[in-house]
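Commentary on secondary and tertiary structure
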Amino acid sequence: MKLDSKVPEGPLKDKWTNYKNNINLVNPANKRNIDVIVVGTGLAGGSASATLAELGYNVKAFCYQDSPRRAHSIAAQGGINAAKNYQGDGDSTYRLFYDTIKGGDYRSREANVYRLAEVSANIIDQCVAQGVPFARDYGGLLDNRSFGGVLVSRTFYAKGQTGQQLLLGAYSAMNRQIAKGKIEMFNRHEMLDVVVVDGKARGIIARNLVTGEIERHSAHAVVIATGGYGNVFFLSTNAMGSNVTASWKVHKRGALFANPCYTQIHPTCVPVHGTQQSKLTLMSESLRNDGRIWVPRKLEDAKAVREGKLKAKDIKEEDRDYYLERRYPSFGNLVPRDVASRAAKERCDEGYGVVNNDTNEGVFLDFASAIQRYGKQQAHLKGIHNPSADEIESLGKKVVESKYGNLFDMYKQITAENPYETAMKIYPAVHYTMGGVWVDYNLMTTVPGLYAIGEANFSDHGANRLGASALMQGLADGYFVLPYTIGDYLSADIRTGKISTDLPEFAEAEASVKSQIDTLINNKGIHSVDYFHKQLGLIMWNKVGMSRTTEGLKQAIEEIKALREAFWKEVKVPGTADELNQELEKAGRVADFLELGELFARDALEREESCGGHFREEHRTEDGEAKRDDVNFAFVSAWEYTGQPSEAILHKEELIFENVELKTRSYK
Amino acid sequence: MATEKGINITLKVWRQKNGQAKGALETYELKDVSPDNSFLEMMDILNDQIIMKDGSPVAFDHDCREGICGSCSMYINGEPHGPGRLVTTCQLHMREFKDGETIYVEPFRAKAFPIIKDLIVDRSALDRIQHAGGYISVNTSGNTQDANAIPIEKENADKAFDAATCIGCGACVAACKNASASLFMSAKISQYALLPQGQVEAKNRVLAMVKQAEEEGFGPCSNTGACEVECPKGISLENIARMNREYLSASLLTK
């Protein structure tokens, strides 16, 4: 198989315009005869469904939740990037492109990233027109904040609920089309396989999660917008239902899976509290605008904090190690996520962690200096001379509350500690997966007619995603990219007519889905699904997590294989197949994670370099920083399924950089 | 993150096989539950215990477990999302309960929310209200004017945002003696009414959404305010007042 990225010819800045000028279009009357299936209703799937329906296609949209509004994009907090340069601080399409390429550690495709930066400004215009209530300043204009890894303020936000507001915008656009009958919405349905007819994606097999019925749905093209696979780690900031099933099933039907090992471990999450914990909660990166990250300088102080004998406030300034400010003076607390996460792990591994859990994993995120700074500023503004310490503190807390109030409340709910009074404790957690289904410039996978958009594909973030770029990519793909590229493909399908679900390919896919369900339901096992999922999570976190070694990865592959065998022998799924059965849903998802995990470890093993979220202990500089190898590894690893996850065949897409110079990524 | 002593609790959980079956409360005992666990983690422990005894685990809706997706919908000790203000069930922690306490867990109850199984109800009626008018009719072509072309007064932008934070969980309906969806509807109607983009279609929107809610079997609003108290996102009753004003002027002008 020869990988063709189908990047258009011409200068970088003209590629997308030229492409749009030269593609084939489908006339409006013909669009009415063409069906498109979209799986997933987050920012990517929701926006794609709405736009495709507006254009005139018949859209069938699927989500496993009870409403499209509940997709996990809703939980994104901090913001969305766009090269608007409203702040006049030197931002431009090129700079957003450059920051994204550099932030991704030079492992993404130039043309895709440039297009993303190019359409970013449109997203903001579009969302405002839809009534998305972004934060505004007193002049009534849109406000911006800054995020990690960049030197401009280009992030638009709606308090700590930007994802919610953008998703509800896409949901409202969907609702308009649902009302018109142009989108047929299938809530509480889960895609369990894709149907490929004569080499083209022509439909899906889905399970109605209420009745258990297995349904066949046909279309002229299928779009996967089912998000990332962070839940392979069991504990992550993903929703409980987030899964890899759609991506994995299409992989098994011929779509290559790219860079599975690129995982983003987000530095600011609430630390693990115990073995019965079900998920981790993110504290927005925006907190790093004002919070300072530190651990005690003395081992005995760290121990005393863990034992509850010492509080953050009791530790004197000179006994604190603000390790990000120390190691990276130019970016300080706003280094990119991968760098911040590894630095936290390094300190905790050395014994300076401040949280009393199995691994002492936790560092302080402290707002005391911000409270002082804002308090003094407010006192000055209000004309208070010689303000008392209490006055300053109280004024400062008010400012911090107005900026981060909802995040502080959330922290307090979870931990029962008041972050206004004492420093927060945070630790990295699995958050986002940059890897995903391989797509070309058209966002098409290696199966014709099968597309992957949003977090489900691999294309834009390289080895590390910058903050506030996931929302940007989801909406760019759905609103502005896919609607063009899919039209070019569908223009050849105007005479095809309705695709029959009686084709043998549908029967075969349905039989394979039913057979897996039967096996799971009739297995008289001894352990619950979660039992296996938690074990998989531990293997992944310990051996395929923030820091990886040859030996550890080899062990992980063997351990995952063994665990998968045990799963199929010993898993216990109560109930029947023809009813609402949440354990059965989970079992199917964990079965796929158990295969993906193995490929994930293999991918990490093959990549003998450190880049972005992928850190190999064998490949680091003398001062412990990641050491990339551009001579041997400037390529996308795209894996072809052969029957055993880790025996997949590696295809390489060489990454060619014509518009940026490859440099060592330094935030010092 | 203190590791406090675990508590013992008795649970009375509503069990109902499907929409047609008759339901009843069943009793379960749980020992040594960590106060640091969330309510749903406690339910996970219960389900694990049930599965190991070859029983049928309790079905309940949940997803993000961080208070934003609006999936979780339990009626705990007589309140939607349980004790505590401004929290969803998934954000509720076991430290809110005492050792030896009996906890009642039921589904959200309303005519427009038929039970699917155990604690899961069908809230698609809320989606249908949104289909009736919960949008601004603008195509997603990207060919709109610049986002800063129309400045919006910060106060209105902030109020629109506050209304827009509704998570569509349906707690307002479950809390209301009339099972009214007024708080839910008014949040969307207010968000758009407060923004210039939304005013063009304001009249049709309010009429269509209110009509749809009536057809779905949601009751009328009698201004008791239980919805505002139980709303996990603190959506204000002011939104209902604004909706009523919008409705009145729309009805008068379209007659």
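All values derive from a computational prediction rather than experimental measurement. (Residues numbered from 1 in each chain as written. Chains lettered and ligands numbered in written order. Predicted model: local features only at pLDDT ≥ 70, side-chain atom pairs only at ≥ 80, totals over all residues.)

This brings us to the domain arrangement of chain A. Residues and elements named next belong to chain A. Taken as a whole, chain A is organised into domain 1 (271-430) and domain 2 (508-632). Using C-alpha coordinates to define each centre, domain 1 is positioned 33 Å away from domain 2. Contacts between domain 1 and domain 2 engage six residues on the former and six residues on the latter. The greatest single-element share of the side of domain 1 that touches domain 2, amounting to five residues, is contributed by helix α10 (residues 337-349). The residue inventory of the side of domain 1 that touches domain 2, partitioned by class, reads one nonpolar, one polar and four charged. (Domains from an automatic or database assignment. Contact = placed C-beta atoms within 7 Å. Helix = DSSP H or I, 4+ residues; strand = E, 2+ residues; numbered from the N terminus. Nonpolar A, V, L, I, M, F, W, Y, C, P; charged D, E, K, R; others polar.)

Glancing now at helix α7 (residues 245-252) of chain A. Note on helix geometry: an α-helix contains 3.6 residues per turn, so any two residues three or four positions apart are oriented the same way. Within α7(A), seven of the eight residues are buried, which leaves it mostly tucked inside the rest of the structure. Taken residue by residue, α7(A) has A:T245, A:A246, A:S247, A:W248, A:K249, A:V250 and A:H251 as its buried positions. (Buried ≥ 20, exposed ≤ 12 C-beta atoms within 10 Å, placed from the backbone.)

For the rest of this paragraph, the subject is the sheet that holds strand β7 (residues 200-208) of chain A. Residue and element names in this part refer to chain A. Read from one edge to the other, the open sheet built from three strands follows the order β6-β7-β8, with strand pairing classed as antiparallel. On the outer flanks of this sheet lie β6 (189-197) and β8 (214-218), each paired with one strand and no other. The average undirected angle you get between the axes of adjacent strands in this sheet is 25°. (Pairing = 2+ DSSP bridges. Axes fitted to C-alpha atoms, helices over the stretch in contact; angles between N-to-C directions.)

Bringing helix α1 (residues 39-52) of chain B into the picture now. The terminal C-alpha atoms of α1(B), which comprises 14 residues, lie 20 Å apart, in line with the 20 Å expected from a rise of 1.5 Å per residue. All of the buried residues in α1(B) are B:F39, B:L40, B:E41, B:M42, B:M43, B:L46, B:N47 and B:I51. Against the buried residues of α1(B) lie α17 (582-606) of chain A together with β1 (7-15) and β2 (24-33) of chain B. Of the residues trailing α1(B), B:D54 is marked for its positive phi of about 60°. (Expected span 1.5 Å × (residues − 1).)

The subject of this paragraph is the environment of A:R69. Tracing the backbone through its elements, the reader meets A:R69 in the loop between β2 (58-62) and β3 (80-81). When residues no more than four places from it in sequence are discounted, the contact partners of A:R69 are A:L167, A:L168, A:Y171 and B:G168.

Moving on, we get to the pairing of β2(A). Residue and element names in this part refer to chain A. Taking burial as the measure, the five residues of β2 include four buried ones, the bulk of the element. Where strand β1 (residues 35-39) and β2 come together, five bridges link them in parallel fashion. Looking at β2, one finds that V36 is bridged to V59. At this point the chain moves from β1, through helix α3 (residues 43-55), to the parallel β2, and the crossover so formed is right-handed. When β2 meets strand β5 (residues 183-186), the two strands line up parallel, connected through four bridges. In the sheet register, A61 faces β5, and the bridge partner there is M185. (Right-handed = clockwise from strand over helix to strand, strands pointing away.)

Glancing now at the domain arrangement of chain B. All names here are of chain B. Per the domain assignment, the segments making up chain B are domain 1 (7-117) and domain 2 (124-254). Averaged C-alpha coordinates put domain 1 and domain 2 at centres separated by 29 Å. Listed by partner, the interface residues are 18 residues for domain 1 and 16 residues for domain 2.

All names here are of chain A. Within the open sheet, the four strands sit side by side as β16-β10-β18-β19. Their pairing is antiparallel. Each of the sheet's edge strands pairs with one partner strand only, and the pair in question is β16 (436-437) and β19 (649-654). In terms of strand pairing, strand β10 (residues 257-258) meets β16 through two bridges, oriented antiparallel. When the sheet's bridge partners are listed, A258 is paired in β16 with G436. Strand contacts of α17: β10, β18 (635-640) and β19, with the helix running at about 145° to β18, the strand carrying the most contacts.

Attention shifts here to the packing of helix α6 (residues 162-180) of chain A against helix α2 (residues 124-133) of chain B. The geometry of a pair of packed helices is captured by two quantities: the angle between their axes and the separation between those axes. Contact geometry for α6(A) and α2(B): axes closest at 8 Å, N-to-C directions at 85°. Looking at the two axes, α6(A) sits roughly perpendicular to α2(B). When α6(A) is examined against α2(B), the residues A:N175, A:I178 and A:A179 are found in contact with a partner set consisting of B:Q130, B:H131 and B:A132. Partitioning the contact of α6(A) with α2(B) into residue classes produces three nonpolar, three polar and no charged. (Parallel < 35°, antiparallel > 145°, perpendicular 65-115°, else oblique.)

Turning to unusual backbone geometry, a few remarks are in order. In this structure, A:L443 is a non-glycine residue whose phi angle is positive, near 70°. With respect to the secondary-structure elements, A:L443 resides in the loop between β16 and β17 (450-452). Positioned with a positive phi, B:N77 is a non-glycine residue whose angle comes to about 45°. Mapped onto the secondary structure, B:N77 falls in the loop between β3 (74-76) and β4 (79-80).

Contacts between the two partners involve 69 residues from chain A and, on the opposite side, 65 residues from chain B. Of all elements in the fold, only α3, α5 (110-129), α6, α12 (389-415), α13 (470-490) and α17 of chain A reach the threshold of two or more residues within the side of chain A that touches chain B. With nine residues, the single largest contributor to the side of chain A that touches chain B is α6(A). Its residues assigned to classes, the side of chain A that touches chain B comprises 26 nonpolar, 30 polar and 13 charged.

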